[in-house]
Each structure stands twice: as structure tokens, then as C-alpha cells.
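Summary of the model geometry
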Amino acid sequence: MSHKILKIHPADNVLVALVDLDAGETIVFEGKSIQVITPVPAKHKIALETLTPGTAIKMYGILVGKAVHLIEQGAALTTENVKHQAASYQDKTEQVSWAPPDVRNWKDRTFNGYHRADGKVGTANYWLVIPLVFCENRNVDVIRQAFVDELGFSQPEKYQSYVHEMVKMYKAGKTEDIDRLTFHQATAIEEDKIFRNIDGIKFLTHNGGCGGIRQDSEMLCALLAGYIHNPNVAGATILSLGCQNAQVSLLQEKLNIHHPNLQKPLIV
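Model, not experiment: these values are computed from the prediction.

A closer look at the pattern of salt bridges
Summed over the entire model, instances satisfying the criterion amount to five salt bridges. R104 is the partner of D102 in a salt bridge, and the nearest nitrogen-oxygen pair spans 2.6 Å. Given the relative accessible area of 65%, R104 is considered exposed. As a salt-bridge pair, R144 and D141 come within 3.1 Å of each other at their nearest N and O atoms. Taken together, the residues span about one helical turn, with R144 and D141 both in helix α1 (residues 137-150) at a distance of three residues. R144 gets classed as partly exposed once you look at its relative accessible area, which sits at 29%.

Below is the structure:
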């Protein structure tokens, strides 16, 4: 290995050993030779200079500790010769004001959005399918395969359609028409959605919901509740086995934090 040591920040007074360093060997840093005084395991720190008791130890350019014993240049930093220390900090001391931009020119402008019961407005209208445990992922994939195409929500292969049309013209000897074929003409398809008020179905599979600790499931349910409350979401279908840590009641608890009276359809 060409590099045995690393200095993370110019202000640091310690080096990081990238490999195991043996006592007695010599390392070179910025043209200067440093003799290793004590064995230094890989990923541990070595003193770049002699550190007397009370000397501040800097790493990443900030204070991380102080020497409690004499640490000679080339010796390893350990829990015996270093004590943790951090730089002082203080709370916010001033109030920052912000002047909102002048929006009078757009005050009466509107867009075709979706009003939600909580006052938010979405620019899209998606339906979510969410499993509460990873054991349901396979079922969700089956639902995805069965529903997306048949309900008309699959995304067409537009570039493939474009090339397909050009190949048809070439085989028919209509090469002069290829130059006039626009991408829009070749990829224009009739919408075949069953539910035209829904922009699409989103399937949110994950690897959680069971195992781990209860806090893991609480965080997962809080995340899923955030997705459901998104103004671009019309409603959701929740799949639950009933035996997992992330129970429907836990999801409902997190939903109530955002909006106690959720008026979106929630099918469990």
C-alpha cells in the first residue's frame, strides 16, 4: 500500500493509520520522517507532534479531545492518554427576519389542482398500496403486475413505439415519410384508464415492519403516514398480516398526529 497514513484536515495534529504500524518503523509525512513509538492499529490515530498534558487534540479541523498524559510524536492515541473534549457552543443569539416576495401579480392565478380536506392542494392524484410488513412485498408485486396494465396505468414504451413506426415505414418502402415522422405522432396513444380521476398507483414496498425493536416500526409507520398525508395522494390501500410489529393501530396513531380526522379513503 503506497499510503500508510492520512491527515484528514490541515488543522489536525493527529494522523490516521491506514494500515497496522509497528513500533520502530519510520513513516514519512510531508517530507518529514516520523518514527513510530508504539504499535498503532489500522484506523487508530498517531500523534503528529508531541502532545503535552492539556494539549488540544484536533481532528476534522475541530476539537475532539485533550491529552491527559505526555504523548510523544509517533505514539498512538488511546483511551488512556486522551480525554474527550468538545468546543463550546451557544444558542441562537439573534432573530433573522425574512421579507416575503411580492406576489400581487400572481394573487388571482389558479391551477387545476386537488383540494384536500386539511387545506392542502395537490398537483397530482395518486393512490397508494402499502404493506405494513416486508412479508407482504410479494403480494404487492403480484397486485402491481395484475392491476397496473389492466387499469391503464402502465407507462408505454414510447421510444420503442417510435422505432417501431420507423421500421414499419422502412419495410413498406416509405423511407421519405420517416423524416417527417414526429415523436408525438409515433407515440400518441389513446388513454385507456378505468379510473380517469387517478393519475397512477404507487406501490410502496419496504424491508421493515417486523423484527428489530418497536421504535423501528414506529418510525416506519410515521414515514408511511407522511406519504398518505401528502397532498398528491388521494387515498391508500393498506395490507396487513396482523402478526407484525407495525400494526394498523400504530399507523393510525401516526396518522392522527398529522390530522386526527383523516378524510382520505383508507382501505385496510
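What to know about the sheet that holds strand β1 (residues 5-6)
On the basis of which strands lie adjacent, the open sheet formed by three strands has the order β1-β2-β5 and antiparallel pairing. The sheet is open, and its two borders are formed by β1 and β5 (45-47), each paired with just one other strand. Inspection of the sheet shows β1 paired to strand β2 (residues 14-17) by two bridges, in the antiparallel sense. Within the sheet, the bridge partner assigned to L6 lies in β2 and is V16.

Let's talk about α1
Spanning 14 residues, α1 covers 20 Å between terminal C-alpha atoms, matching the ideal 20 Å at 1.5 Å per step. Of all the residues in α1, the buried ones are N137, V140 and V148. The secondary structure elements touched by the buried residues of α1 are β11 (126-131), β12 (200-203) and β13 (233-239). Just beyond α1, the residue with positive phi is G152, at close to 85°.

Reading the values: the criteria
Residues numbered from 1 in each chain as written. Predicted model: local features only at pLDDT ≥ 70, side-chain atom pairs only at ≥ 80, totals over all residues. Heavy atoms only, no water. Salt bridge = Lys/Arg side-chain N within 4 Å of Asp/Glu carboxyl O. Buried < 20%, exposed > 50% of the residue type's maximum accessible area, 1.4 Å probe, protein only. Helix = DSSP H or I, 4+ residues; strand = E, 2+ residues; numbered from the N terminus. Pairing = 2+ DSSP bridges. Expected span 1.5 Å × (residues − 1). Contact = heavy atoms within 4.5 Å.

Honestly, that's just the spatial picture; any functional story needs more than this.
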